[in-house]
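# Structural overview
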Amino acid sequence: MTDALTSDEIARLRRLLVEDDIRKVKLLYSQLMDAGRIDELAEIFTEDAVCVFGKFGEWHGRDEIRTNFAKVDAEHHDGIPFYALHATTDHWVEVTGPDSAIGRSYLIDIVTETPTDGEPIVVVGVYDETYRKVDGNWQIARCVLQFLWPTTDVTPDFHAPFPQS
């Protein structure tokens, strides 16, 4: 018996490393947003990224993403770091090419300033994302937030099978 890795195992390990790099981008997304570090948050998006956020609108390009995240942070989080926690879970990632991937994760948005007798969960949703490797770094190229609770606001293709064939 040999301990050497097969070529299939090496390919699988490489794919797992890519998936882990992408999951770190998503974790960084929540950490930076919740900390109110909007300029750094904008940098994890590609220059031509698109965000589709229901009632918050559709944002095109890094500059508009930065501007609108800053506006949402000021209006909804009062500019207070960690006023809300964007808990993203069950992050599924599929590498679709050497520089591309798609993913889906769940969102539970919790407001930390909620009185103890109140409801701290304000949004439950699903993120559908496209990732692209740019200059050696994985970035978010498209981010669609499907709002499921307390009101439903989803894109027309949300109930299509995921991942798309």
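Worth saying up front: this structure is predicted, and the values here are computed from it rather than measured.

Analysis parameters
- Residues numbered from 1 in each chain as written.
- Predicted model: local features only at pLDDT ≥ 70, side-chain atom pairs only at ≥ 80, totals over all residues.
- Heavy atoms only, no water.
- 1 Å grid on protein atoms, 1.4 Å probe; cavity = no way out; pocket = protein on both sides within 12 Å on 5 of 7 lines; lining within 4 Å.
- Points joined across faces, edges and corners; volume = space filled by probe spheres on them.
- Helix = DSSP H or I, 4+ residues; strand = E, 2+ residues; numbered from the N terminus.
- Core = buried A, V, L, I, M, F, W, Y, C linked by side-chain atoms within 4.5 Å.
- Buried < 20%, exposed > 50% of the residue type's maximum accessible area, 1.4 Å probe, protein only.
- Contact = heavy atoms within 4.5 Å.
- Phe/Tyr/Trp six-rings, centres within 6.5 Å; stacked < 30°, edge-to-face > 60°.
- Lys NZ or Arg CZ within 6 Å of the ring centre and 35° of its normal.
- Pairing = 2+ DSSP bridges.
- Axes fitted to C-alpha atoms, helices over the stretch in contact; angles between N-to-C directions.
- Expected span 1.5 Å × (residues − 1).

Quantified by volume, the largest pocket comes out at close to 510 Å³. Forming the boundary of the largest pocket are 26 residues, of which Lys55, Phe56, Asp109, Val123 and Phe147 lie nearest the centre. Of all the secondary-structure elements, those providing two or more residues to the lining of the largest pocket are helix 1 (7-35), helix 3 (62-76), strand 4 (100-111), strand 5 (121-134) and strand 6 (137-149). Of the residues forming the lining of the largest pocket, the biggest block, four residues, is contributed by helix 3.

The subject of this paragraph is the nonpolar core. Residues Tyr29, Leu41, Phe45, Phe53 and Phe69 are the most contacted members of the largest nonpolar core, which totals 28 residues. Of all elements in the fold, only helix 1, helix 2 (38-42), strand 1 (45-52), helix 3, strand 4, strand 5 and strand 6 reach the threshold of two or more residues within this core. If sequence neighbours within four positions are ignored, phenylalanine 69 has contacts with Tyr29, Met33, Ile38, Leu41, Phe45, Phe53 and Trp59.

With the rule as written, the count across this model stands at eight aromatic pairs. With a centroid separation of 6.2 Å and 65° between ring planes, the pair formed by tyrosine 29 and phenylalanine 45 is classed as edge-to-face. Taken together, the positions of tyrosine 29 in helix 1 and phenylalanine 45 in strand 1 put the pair 16 residues apart, joining distant regions of the chain. You'll find tyrosine 29 and phenylalanine 45 in the same group, each marked buried. Seen from their ring centres, phenylalanine 45 and phenylalanine 69 are 6.1 Å apart, and the 40° between their planes marks the pair as tilted. Here the residue phenylalanine 45 occupies a position in strand 1, and phenylalanine 69 occupies one in helix 3, the gap between them amounting to 24 residues. Residue phenylalanine 45 shares its accessibility class with phenylalanine 69, and that shared class is buried. Feature note: the residues Tyr29, Phe45, Phe53, Trp59, Phe69 and Tyr127 constitute an aromatic cluster, connected by ring pairs. One Lys or Arg, lysine 26, reaches over the ring of tyrosine 29 and ends 3.9 Å from the middle of that ring. Across from the ring centre of tyrosine 127, 3.3 Å away, lies the NZ or CZ of lysine 26, which sits over that ring.

Here we take up the sheet that holds strand 5. The sheet built from six strands is open, its strands ordered 2-1-6-5-4-3 with mixed pairing. The outermost strands of the open sheet, each flanked by one partner alone, are strand 2 (58-60) and strand 3 (84-97). Adjacent strand axes in the sheet meet at a mean angle of 15°, parallel and antiparallel pairs treated alike. Inspection of the sheet shows strand 1 paired to strand 6 by four bridges, in the parallel sense. Bridged to valine 50 within strand 6 is arginine 142. Docked against the sheet, helix 1 engages strand 1, strand 3, strand 4, strand 5 and strand 6, running at close to 155° with respect to strand 3. Each of strand 1, strand 2 and strand 6 is contacted by helix 3, which is oriented at about 135° to strand 2, the strand it contacts most.

As a further point, take helix 1. Taking 1.5 Å per residue, 29 residues should reach 42 Å; helix 1 reaches 42 Å between its end C-alpha atoms and fits that length. Among the residues of helix 1, Val18, Glu19, Ile22, Val25, Lys26, Tyr29, Ser30, Leu32, Met33, Asp34 and Ala35 are the ones counted as buried. After helix 1 finishes, the residue glycine 36 shows a positive phi value of roughly 75°.

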